[in-house]
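Geometric and topological summary
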Amino acid sequence: MRIGLMVGSDKERARPDRLAGLLADGAAAEAAGFSSFWFPQVPGYVDAMTALALLGAATESIELGTAVVPVQTRHPLILAQQALTTQAACRGRFTLGLGLSHDWIIKGQLGLPYERPLTTLRGHLDVLAAAFAGPGQVDVDNDVFSVHSPVDVIDVAPPVLLAALGPKMLRLAGEQADGTVLWMADERAIGEHVVPRIVAAARDGGRPDPRIVAGVPVALCASGEVDSARAYASEVLGHAHFSPNYVALLEHGDADDVGDTMAAGDEGAVLARLRSYRDAGVTDLAARIVGIGADADERRRSRDRTAAFLASAISTV
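Let me sum up the structure you'll find in this document. On a predicted model such as this, the values are computed, not experimentally measured, just so you know.

1. A word on the overall build of the chain
When helices and strands are tallied, the chain shows eleven helices and twelve strands. Scaling as 2.2 N^0.38, a compact globule of 317 residues should have a C-alpha radius of gyration of about 20 Å, and the chain matches this with 19 Å. Viewed in the frame of its principal axes, the chain has a C-alpha envelope of about 60 × 40 × 40 Å. Here the chain holds 317 residues, and 53% of them are scored as buried. Of the contacts formed within the chain by residues at least 6 apart in sequence, a portion of 73% connects residues at least 24 apart. Side-chain charges of the chain comprise 28 positive and 39 negative groups, with the mean position of each set lying 1 Å from the other.

2. A short note on the pairing of strand β7 (residues 146-151)
In terms of strand pairing, strand β6 (residues 136-141) meets β7 through six bridges, oriented antiparallel. For aspartate 141, the partnering residue across the bridge sits in β7 and is serine 146. Turn length for the β6-β7 hairpin, with the two strands adjacent in sequence and antiparallel, is four residues.

3. Some words on the packing of helix α5 (residues 117-132) against helix α6 (residues 167-176)
Where α5 contacts α6, the axes come no closer than 11 Å and their chain directions differ by 10°. By the angle class used here, α5 and α6 are roughly parallel. Contacts from Leu118, Leu121, Arg122, Leu125 and Asp126 in α5 reach Lys168, Met169, Leu172 and Gln176 in α6. Class assignment of the residues belonging to the contact of α5 with α6 gives a composition of five nonpolar, one polar and three charged.

4. Structural notes on the side chain of serine 36
Within the element layout of this structure, serine 36 appears in strand β2 (residues 36-39). A polar contact of 2.9 Å, which involves the side chain of serine 36, links it to the side chain of tryptophan 38. The contact partners of serine 36, leaving out residues within four places of it in the chain, are Ile3, Gly4, Leu5, Ile62 and Glu63.

5. Considering the packing of helix α7 (residues 187-204) against helix α10 (residues 267-280)
Close contact between α7 and α10 brings their axes to 8 Å; oriented N to C, the two are set at 10°. When the axes of α7 and α10 are compared, the pair comes out roughly parallel. Along its contact with α7, which presents Glu187, Ile190, Gly191 and Val195, the element α10 presents Arg273, Ser276, Tyr277 and Ala280. Among the residues making up the contact of α7 with α10, the classes are represented as four nonpolar, two polar and two charged.

6. Remarks on the nonpolar core
In this structure, Phe37, Phe39, Leu96, Leu98, Phe132, Leu162 and Ile190 are the most contacted members of the largest nonpolar core, which totals 106 residues. Ignoring anything within four residues of it in the chain, the contact list for leucine 98 reads Val68, Val69, Val71, Leu79, Leu125, Leu128, Val160, Leu161, Leu162 and Ala163.

7. Some thoughts on the environment of arginine 300
When you line up the elements, arginine 300 lands in helix α11 (residues 296-313). C-alpha of arginine 300 to C-alpha of glutamate 12: the two residues are 288 residues apart in sequence and 9.7 Å apart in space.

8. Focus on the pattern of salt bridges
Tallying each qualifying case throughout the model produces 20 salt bridges. Linking glutamate 175 and arginine 171 is a salt bridge whose minimum nitrogen-to-oxygen distance equals 2.9 Å. Taken together, the residues glutamate 175 and arginine 171, both in helix α6 and four residues apart, mark about one turn of the helix. With a relative accessible area of 31%, glutamate 175 lands in the partly exposed category.

9. Thoughts on the environment of serine 146
Among the secondary structure elements, serine 146 is positioned in strand β7. Since its relative accessible area comes to 54%, serine 146 is described here as exposed. For the pair formed by serine 146 and valine 127, sequence separation is 19 residues and the distance between their alpha carbons is 9.1 Å. If near-sequence neighbours (up to four positions away) are discounted, serine 146 is found in contact with Val140 and Asp141. Only 3.5 Å separates the side chain of serine 146 from the side chain of histidine 148, close enough to count as a polar contact.

10. Things to note about the pairing of strand β3 (residues 63-66)
Going residue by residue along β3, you find Glu63 and Gly65 tucked away on one face and Leu64 and Thr66 tucked away on the opposite face as well. Read as a crossover between parallel neighbours, the route from β2 over helix α2 (residues 48-58) to β3 is right-handed. Of the strand pairs in this sheet, β3 and strand β5 (residues 94-99) are connected by two bridges, and their pairing is parallel. Within the sheet, the bridge partner assigned to glycine 65 lies in β5 and is threonine 95.

11. Things to note about the environment of glycine 92
Of note, glycine 92 is situated in the loop between α3 (76-89) and β5. What makes glycine 92 partly exposed here is its relative accessible area of 47%. Here the alpha-carbon distance between glycine 92 and arginine 122, two residues 30 residues apart in the chain, equals 25 Å.

Calculation rules
Residues numbered from 1 in each chain as written. Predicted model: local features only at pLDDT ≥ 70, side-chain atom pairs only at ≥ 80, totals over all residues. Heavy atoms only, no water. Helix = DSSP H or I, 4+ residues; strand = E, 2+ residues; numbered from the N terminus. Rg over C-alpha atoms; globule rule 2.2 N^0.38 Å. Buried < 20%, exposed > 50% of the residue type's maximum accessible area, 1.4 Å probe, protein only. Contact = heavy atoms within 4.5 Å. Lys, Arg positive; Asp, Glu negative; His and termini not counted. Charge placed at Lys NZ, Arg CZ, Asp CG, Glu CD. Pairing = 2+ DSSP bridges. Axes fitted to C-alpha atoms, helices over the stretch in contact; angles between N-to-C directions. Parallel < 35°, antiparallel > 145°, perpendicular 65-115°, else oblique. Nonpolar A, V, L, I, M, F, W, Y, C, P; charged D, E, K, R; others polar. Polar contact = N/O pair within 3.5 Å; in protein donor to acceptor, adjacent residues only side chain to side chain. Core = buried A, V, L, I, M, F, W, Y, C linked by side-chain atoms within 4.5 Å. Salt bridge = Lys/Arg side-chain N within 4 Å of Asp/Glu carboxyl O. Right-handed = clockwise from strand over helix to strand, strands pointing away.

The structure is reproduced here in structure tokens:
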């Protein structure tokens, strides 16, 4: 199992420092030996692909991926152009993670339709597949799009992962993508729900076994701090009840919110939890380090300790 890092919005940084800080975090992850660095499209925050394109120019070997970009916010041909440009900036190290987001974001915040999300995603994937097949004319007519336009950016397209939570999405990810990138999935949900469905779909379609990228919160802390660390993670990263897609995923496992998926505690406890994700079928673990403490300085030191420990343990997981 490869070990990477997943980061999100950092509102404790001053606004002028957020992009520079994100780039510094990615460069530090590469220097520490992490295999990958994942960044989501957060509403109202730094644009994910723009930031990763800049980070691609500042790094040499680490994989850089979105986790994830909602497809409804971009026309698929424009999405393809941006993804191919980001792949060029990353010199072949970019992975495009896509998802359907949630009704309260797409419709409630952006005023865009959220009807027929699976059909919408299939329509995007048709156009992306044509655009990613190589420079040339893209001609796609499906239930959602009619696209007749050239693409001429770069020869090698990025891999595509889907935020696949339900059975239909998992089948689509196995049939038409390179795997899935998960959030809020514990070991039982992954081992009994995600892996069997997506692997079967990939094999039925004659595709290689898919990647299973799992975003997992991690906090190195004393045993007496574990409960508060889990509660804090659910507070700042969770609230599953806002998103029916996550509620349905949680029903396949033992977790009630994201804090229950967390690897927290001393070194032995964190390693044991990470290995349990590996044993469930995770191919790539994207650690979302959660700093705990009473103020920003304490939380930063907590994050630094956890990151240093994870870097030292990469070869043992």
